[in-house]
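# Descriptive analysis of the structure
One letter stands for each residue in the lines below.
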Amino acid sequence: MHDFHKIDLGEGSTMTFVQGDITRQTTDAIVNAANSTLMGGGGVDGAIHRAGGPAILEECKKIVAGQGHLPPGEAVSSTGGRLLAAFVIHTVGPIWRGGLHGESGLLANAYRNSLRLADRLGLHNVAFPAISTGAYGYPPAEAALIAIESVVDALREARNIREARFVLFDRASLDVFLQAALAVAHRRKATWRLDHITGSTGANQ
Ligand code: AR6
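## Examining the pairing of strand β4 (residues 75–79)
Judged by how many residues are buried, β4 sits mostly within the fold: four of five residues are covered. In the sheet, β4 pairs with strand β5 (residues 87–92) via five bridges, with the strands oriented antiparallel. From the neighbouring strand, S77 faces β5, where its bridge partner is I89.

The structure is reproduced here in structure tokens:
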């Protein structure tokens, strides 16, 4: 990883932030901002299915045949196919309808349930996109606050996951998430330090 931001949350847990393409991450799992059909789509969903190949859709079809469409806020796992990540955790964020239709709770559930599922799979790290902030229209700054709050809480409860990574597609989204992290730290009176790590560390992204 050449350029990333890191917050040490204590007790061996870290939250990291990087600008990039989630399909190229080497975390044990990457999270997909899917829709309830799990049949693929545009945005990050389309990118993950393209990069991971048909094995992902095959598993998604079996999941839907077994349990029906995935409700917003829930999460399921499939193979990562050809991705570097072994698993894809598919979750469904809320469609933004003005903020008074339970959107914040559903978005928090999407992050929390995805992290819990990765933890139950015994994984050590997981990468998240900015769920619901594209086609589903969730205002990015509000979405980032919910993402960080829910991920920090779920990390504290996790037995196996040590790192939650936010992978933001563009610089503006990265800045929104970094600002949100500082706001959450302030709100919680937490003494988190946000480190900016640059240069080649020899590690992969
Ligand atoms: N890596 C990281 N982030 C990405 C990538 C990528 N390769 N591609 C896009 N993003 P969206 P949603 C960012 O629309 O709002 C799909 O059609 C993007 O810039 O992918 O939850 C599904 O099938 C944005 O910040 O997801 C659903 O129908 C963020 O990912 C619907 O869109 C989320 O944008 C879900 O909408």
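## A word on unusual backbone geometry
A negative phi angle is the norm for most residues apart from glycine, just as the trans form is the norm for most peptide bonds. Phi is positive for E11, which is not a glycine, with a value near 50 degrees. With respect to the helices and strands, the residue E11 is situated in the loop between β1 (3–10) and β2 (13–19). Look at E11 and you get exposed, because 8 C-beta atoms sit within 10 Å. Positive phi, normally seen in glycine, also occurs at K189, with a value near 55 degrees.

## Points about the packing of helix α4 (residues 140–157) against helix α5 (residues 171–187)
Taken N-terminus to C-terminus, the directions of α4 and α5 make an angle of 55 degrees; their axes are 8 Å apart at the nearest point. The orientation of α4 with respect to α5, classified from their angle, is oblique. Helix-helix and strand crossings are classified by hand; for α4 and α5 the assignment is right-handed. Counted together, P140, A141, A144, L145, I148, E149 and V152 of α4 and S173, V176, F177, A180, A181, A183 and V184 of α5 form the full contact between these two elements. Split by residue class, the contact of α4 with α5 holds twelve nonpolar, one polar and one charged.

## Here's the deal with the site of the ligand
Taken together, 24 residues are adjacent to the ligand, and A33, N35, G41, G43 and G134 come closest. Those elements that provide at least two residues to the shell around the ligand are β3 (29–34) and α1 (43–52). No other element matches the four residues that α1 contributes to the shell around the ligand. In the shell around the ligand, the residues fall into twelve nonpolar, ten polar and two charged.

## Focus: α5
Taking 1.5 Å of rise per residue, the 17 residues of α5 would be expected to cover 24 Å, and the 24 Å separating its terminal C-alpha atoms lies within 8% of that figure. Every buried residue of α5 is listed here: S173, L174, V176, F177, A180, A181 and V184. The buried side chains of α5 occupy one side of the element, clustering within an arc of 160 degrees when seen end-on. Turned more than 90 degrees from where α5 packs its buried face, R171, A172 and H186 sit exposed. Positioned one or two residues after α5, K189 has a phi angle of 55 degrees, which is positive.

Definitions and cut-offs
Residues numbered from 1 in each chain as written. Predicted model: local features only at pLDDT ≥ 70, side-chain atom pairs only at ≥ 80, totals over all residues. Buried ≥ 20, exposed ≤ 12 C-beta atoms within 10 Å, placed from the backbone. Helix = DSSP H or I, 4+ residues; strand = E, 2+ residues; numbered from the N terminus. Pairing = 2+ DSSP bridges. Axes fitted to C-alpha atoms, helices over the stretch in contact; angles between N-to-C directions. Parallel < 35°, antiparallel > 145°, perpendicular 65-115°, else oblique. Left-handed = near helix turned anticlockwise from the far one by under 90°. Contact = placed C-beta atoms within 7 Å. Nonpolar A, V, L, I, M, F, W, Y, C, P; charged D, E, K, R; others polar. Near = placed C-beta within 6 Å. Expected span 1.5 Å × (residues − 1). Arc of directions from axis to C-beta.

Remember, this is a structural readout, not a statement about activity or role.
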